[in-house]
Amino acid sequence: MDAPAPTPLRVVLIEDTAVLRDLLSAMLGGIEHLEIVGTADGEADGLLVLKRERPHLVIVDLELRNGTGMGLLAALHATPERFGTPRTVVFSNHAHAVIQAKCRMLGAAAFFDKSFQMDELLNFIEGEAGAHALALA
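Rules and cut-offs
Residues numbered from 1 in each chain as written. Predicted model: local features only at pLDDT ≥ 70, side-chain atom pairs only at ≥ 80, totals over all residues. Heavy atoms only, no water. Buried < 20%, exposed > 50% of the residue type's maximum accessible area, 1.4 Å probe, protein only. Helix = DSSP H or I, 4+ residues; strand = E, 2+ residues; numbered from the N terminus. Pairing = 2+ DSSP bridges. Right-handed = clockwise from strand over helix to strand, strands pointing away. Expected span 1.5 Å × (residues − 1). Arc of directions from axis to C-beta. Contact = heavy atoms within 4.5 Å. Core = buried A, V, L, I, M, F, W, Y, C linked by side-chain atoms within 4.5 Å.

Caption draft 1: Spotlight on the pairing of strand E5 (residues 108–113). Most of E5 is tucked away, with 5 of its 6 residues classed as buried. Relative to E5, strand E4 (residues 87–92) runs parallel, the two being bridged by 5 bridges. Looking across to E5, one finds that Ser 92 is bridged to Asp 113. Assessed by its sense of winding, the connection that carries the chain from E4 through helix H5 (residues 97–105) to E5 is right-handed.

Caption draft 2: Helix H1 (residues 18–29), seen in detail. Here H1 spans 16 Å end to end across 12 residues, near enough to the 16 Å set by a 1.5 Å rise per residue. Taken as a whole, H1 has its buried residues at Leu 20, Arg 21, Leu 24 and Leu 28. Relative to the axis of H1, the buried residues are bounded by an arc of 100° and lie together on one face. Residues of H1 that are exposed and point over 90 degrees away from its buried face: Val 19, Asp 22, Ala 26 and Gly 29. For H1, the secondary structure elements touched by its buried residues are strand E1 (9–14), strand E2 (34–40), strand E3 (57–60), E4 and helix H6 (118–136).

Caption draft 3: How the structure looks around the nonpolar core. By size, the foremost hydrophobic cluster in this structure holds 20 residues, and its most contacted members are Ile 14, Leu 50, Val 60, Leu 72, Val 90 and Cys 103. When residues of this core are traced back to their parent elements, those giving at least two are E1, E2, helix H2 (43–53), E3, helix H3 (69–78) and E5. Among all residues touching Cys 103, those that are not within four sequence positions of it are Leu 62, Met 70, Leu 73, Val 90, Ala 108 and Phe 111. Leu 9, Val 11, Val 89 and Leu 121 belong to the second largest nonpolar core, which has 19 residues in total.

So, in structure tokens, the structure goes:
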């Protein structure tokens, strides 16, 4: 009898640009042991998805349709009883060192610049999914 497949890494993607959200969703969909369980384009919708899905990992842009990714990070950081404790990754064009430091202070595990770090983001997430699968094995 085969062992059951490990529970996939549950990911929520919060990105305001539909084209990029769709592109990232397609790329992430090809990663083994990963499931995108929700997407949002704004802070309020993102928080609703996070509360409902309680993912393992959140990818968030800082500039959103309404609200900000920084506001979302602050809410996650301040109220883990409401959202769980997902690892957060920031994927943004606003990569100044001060902004990155503030994101890390609010619990971001990593920060990737949209301009040139798409491959690094995907490698990081692939590593997270692999580590998650190993931890459950």
